[in-house]
Amino acid sequence: MTASDTFLAQAAALLGPRGLTSDPDLMTPWLTDWRGRFTGRALALASPASTEEVAGLVKLCAAHGVPIVPQGGNSSMSGGATPDEEGGSLLLSLRRMNAIREVDGEGRKATCEAGVVLQTLHEAVAEAELRFPLTLGGKGTATIGGLISTNAGGGQVLRHGSMRAQVLGIEAVLADGSVFSQLTPLKKDNRGFDLKQLLIGSEGTLGVVTAATLRLLPAVADRVVIWAGLPSLKAARALLLYCEDAIGEAVEQFEVMPQSCLEAVIAYLPDARAPLAEPHAWHALIEVVADRTSADGLRERCETAMAEAFERALVEDATFAASEAQAEAFWLLRESIAPAERARGAAVQHDISVPVERMPEFVEAAVPEIEAAWPGTEAIAFGHLGDGNVHFHVIAPAGTAMSWAAGQGKEISHQVHDLVTRWGGSISAEHGIGQLKRDELARLGDPVALDIMRRVKAALDPAGLLNPGKLI
Ligand SMILES: Cc1cc2nc3c(=O)[nH]c(=O)nc-3n(C[C@H](O)[C@H](O)[C@H](O)COP(=O)(O)OP(=O)(O)OC[C@H]3O[C@@H](n4cnc5c(N)ncnc54)[C@H](O)[C@@H]3O)c2cc1C
């Protein structure tokens, strides 16, 4: 019996027949990342059913020196949940731990296990007339544990903040198998470091999240969705600031895209139409929401504000979604940017941020700089303007082979990241570092910050068994 056979036999005894498999057919779908950039191998796929089983398994891994790759829905955009090619790691799926332990309507919080899928949480809390104020395109797949570990965001970060702002408490298994349990939230607690915040965004390198207590808000009673045409990104930012002043906190999402992006989506989606009659250099998709205490007169308030925005020449044209179906059709245009781009061919994607107030200036400088340096490419920026976060994609000349992304595309990414760093920005605004950007973080990150991260990692995981090769 080899050492790994002994380990697998003990793991199987601990987890039972549903908890461990080495069957290639069952493992293969989980060994390649969402974007198909990375494929790895693993000793086995473990699917524990409880925190106790996770703790026992992590202890066993520590005793045998087996590296662990935690995995939720495997929707990471940076290869964070894919093991390396050596095949010596254990893929630890949290998907079986999918119980919503409690929805506390009065306390406006929910406690759920790490494997709960985001959409399932949305549906469960809606029954209690509440909502969890964070959503994203991968909501049918992404799990609470993955969202916490990547500190995920989305359009609603503008108003409610990213996962960091939603997590009230965490339960996690540390590298030695001990259980850090801080699920009961205290509004005020100044007993030193906020350890849950250390785990949020740590991409499975400091602990395995097994459960969390999350903040909830009253359900949305009404929403207004507006499509606006604008002359520039600077004008879009001016409109956002104006809307926040005129309509108040109810501005939930404010997404931007250039005309070329909209045209690519319309060409890609059958039956899609541009919301406005004329082309505009930039477009903004604005969602304003209210709960039942503030829903009265919401639409009128928005109409008055947009009329005033016209008078102040902040907007060239705008239209209000006349029905839920039309609101969904507007959102479909935004959500189809990525698939429309994929249909065009090779491209490299960057999920970047710069200080919010500098974003329009950054995009105006970066787009021509990259296009001039790489003739035939098209650079586009779209997304969450209000957070200073855009998806900056560089599309290869038509007909280029997909392998371009790993060759010249990589050089382009270096240049984009250099540029972002010069502007005081971040090479990962939302999607995390994973294995995709690990070397870029080492190249461009602040040496003092990197040193602190390495020391924290060494303190919490001295043997380096938790998600090795990711983040740092
Ligand atoms: C269509 C689409 C749209 C998306 N849009 C957005 C967006 O707008 N904003 C955004 O931020 N992201 C977005 N994402 C990325 C992705 O959904 C998030 O990164 C999400 O948080 C990943 O969750 P997951 O459960 O799939 O985690 P996985 O992909 O399984 O894992 C992600 C990372 O977390 C670690 N991990 C997973 N579970 C645990 C756990 N329980 N304990 C410790 N570590 C763990 C993994 O090791 C890995 O490093 C999108 C993805 C898709 C497919």
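Draft legend 1. A look at the overall build of the chain. A tally of regular secondary structure across the chain gives 17 helices and 18 strands. By the compact-globule yardstick of 23 Å for 472 residues, the chain fits well, its C-alpha radius of gyration being 23 Å. Expressed as a percentage of the 472 residues in the chain, the buried residues total 50%. Considering only intrachain contacts with a sequence separation of at least 6, the fraction spanning at least 24 residues in the chain is 73%. Accessible surface computed for the chain: about 20,700 Å², of which carbon and sulfur atoms make up 53%. Where the 40 positive side-chain charges of the chain centre and where its 59 negative ones centre are 4 Å apart.

Draft legend 2. Geometry of the site of the ligand. Pro-70, Gly-72, Ser-75, Ser-76 and Thr-143 are the nearest of the 34 residues found near the ligand. Between the ligand and the protein, one listed contact pairs an oxygen atom with a backbone N or O atom of Gly-80 at 3.2 Å. Contact between the ligand and Thr-143: an oxygen atom at 2.7 Å from a side-chain N or O atom of the residue. About the coverage of the ligand: the protein hides 93% of its 970 Å² of free accessible area. No other element matches the four residues that helix H5 (residues 144-149) contributes to the shell around the ligand. Tallied by class, the residues present in the shell around the ligand amount to 12 nonpolar, 20 polar and two charged.

Draft legend 3. Spatial organisation of the packing of aromatic side chains. One pass over the structure, following the stated rule, counts three aromatic pairs. With centroids separated by 5.8 Å and ring planes inclined at 70°, the aromatic side chains of Trp-227 and Phe-330 adopt a geometry described as edge-to-face. With Trp-227 in strand E12 (residues 222-230) and Phe-330 in helix H12 (residues 324-335), this residue pair connects regions lying 103 residues apart in the sequence. Residue Trp-227 shares its accessibility class with Phe-330, and that shared class is buried. Aromatic ring contacts, followed pair by pair, group Phe-362, Phe-392 and Trp-423 into a single cluster.

Draft legend 4. The arrangement of the pairing of strand E4 (residues 90-93) in detail. Residues Leu-90 and Leu-92 of E4 are buried on one face, and the alternating residues Leu-91 and Ser-93, pointing to the opposite face, are buried as well. Of the pairings in the sheet, the one linking strand E2 (residues 44-46) to E4 comprises three bridges and is parallel in character. Across the sheet, the residue bridging to Ala-46 is Leu-92, located in E4. When strand E3 (residues 68-71) meets E4, the two strands line up parallel, connected through four bridges. By the bridge assignment for E4, Gln-71 is matched with Ser-93.

Draft legend 5. View of the sheet that holds strand E5 (residues 100-104). On the basis of which strands lie adjacent, the open sheet formed by five strands has the order E5-E6-E10-E8-E9 and antiparallel pairing. Lying at the two open borders of the sheet, with one neighbouring strand each, are E5 and strand E9 (179-182). When strand polarity is set aside, the average angle formed by the axes of neighbouring strands in this sheet is 10°. Where strand E8 (residues 167-173) lies against strand E10 (residues 208-215), six bridges are found, and the strand directions are antiparallel. Note on E10: the bridge partner recorded for Ile-170 is Ala-212. Sheet contacts for helix H3 (residues 51-64): E5, E8, E9 and E10; angle to E8, the most-contacted strand, approximately 45°. Along the sheet, helix H4 (residues 118-126) contacts E5, strand E6 (109-113) and E10; its crossing angle with E5, the most-contacted strand, is approximately 40°.

Draft legend 6. Here's a closer look at the pattern of salt bridges. Applying the stated rule across the entire model yields 20 salt bridges. Here Arg-101 ties to Glu-171 by a salt bridge, and the two come within 3.4 Å at their closest N and O atoms. Here Arg-101, found in strand E5, pairs with Glu-171, found in strand E8; they are 70 residues apart in sequence, far enough to count as distant. Overall, Glu-171 belongs to the buried group, its relative accessible area being 8%. Lys-109 is paired through a salt bridge with Asp-104; the nearest N and O atoms lie 2.9 Å apart. A single salt-bridge network, built from bridges that share partners, covers Arg-223, Glu-287, Glu-324 and Glu-328.

Draft legend 7. Highlighting the nonpolar core. One finds Leu-239, Phe-254, Ile-286, Phe-362, Phe-392 and Val-394 to be the most contacted residues of the largest nonpolar core, which totals 56 residues. Broken down by element, the residue count for this core peaks at seven residues, all from helix H9 (residues 233-246). Setting aside chain neighbours within four positions, we find Phe-392 in contact with Val-348, Gln-349, His-350, Ile-352, Phe-362, Ala-366, Val-367, Ile-370, Ala-379, Ile-380, Ala-381 and Val-416. With 26 residues, the next largest nonpolar core counts Ala-152, Ala-172, Ile-200 and Leu-216 among its residues.

Draft legend 8. Seen up close, unusual backbone geometry. A positive phi is found at Glu-129, a non-glycine position, where the angle reads about 55°. One can find Glu-129 in the loop between H4 and strand E7 (130-131).

Draft legend 9. Main features of the packing of H9 against helix H11 (residues 298-311). Across the interface, H9 lies against H11 with an axial gap of 10 Å and an inter-helix angle of 140°. With respect to H11, the axis of H9 lies oblique. Considering only the axes of H9 and H11, their crossing is right-handed. Between H9, through Leu-239, Tyr-242 and Ala-246, and H11, the contact on the second element is made entirely by Ala-305, Glu-308 and Ala-309. Considering only residue class, the contact of H9 with H11 consists of five nonpolar, no polar and one charged.

Rules used throughout
Residues numbered from 1 in each chain as written. Predicted model: local features only at pLDDT ≥ 70, side-chain atom pairs only at ≥ 80, totals over all residues. Heavy atoms only, no water. Helix = DSSP H or I, 4+ residues; strand = E, 2+ residues; numbered from the N terminus. Rg over C-alpha atoms; globule rule 2.2 N^0.38 Å. Buried < 20%, exposed > 50% of the residue type's maximum accessible area, 1.4 Å probe, protein only. Contact = heavy atoms within 4.5 Å. Areas by Shrake-Rupley, 256 points an atom, 1.4 Å probe, with all protein chains shown as cover. Lys, Arg positive; Asp, Glu negative; His and termini not counted. Charge placed at Lys NZ, Arg CZ, Asp CG, Glu CD. Near = heavy atom within 4 Å. Polar contact = N/O pair within 3.5 Å; in protein donor to acceptor, adjacent residues only side chain to side chain. Nonpolar A, V, L, I, M, F, W, Y, C, P; charged D, E, K, R; others polar. Phe/Tyr/Trp six-rings, centres within 6.5 Å; stacked < 30°, edge-to-face > 60°. Pairing = 2+ DSSP bridges. Axes fitted to C-alpha atoms, helices over the stretch in contact; angles between N-to-C directions. Salt bridge = Lys/Arg side-chain N within 4 Å of Asp/Glu carboxyl O. Core = buried A, V, L, I, M, F, W, Y, C linked by side-chain atoms within 4.5 Å. Parallel < 35°, antiparallel > 145°, perpendicular 65-115°, else oblique. Left-handed = near helix turned anticlockwise from the far one by under 90°.

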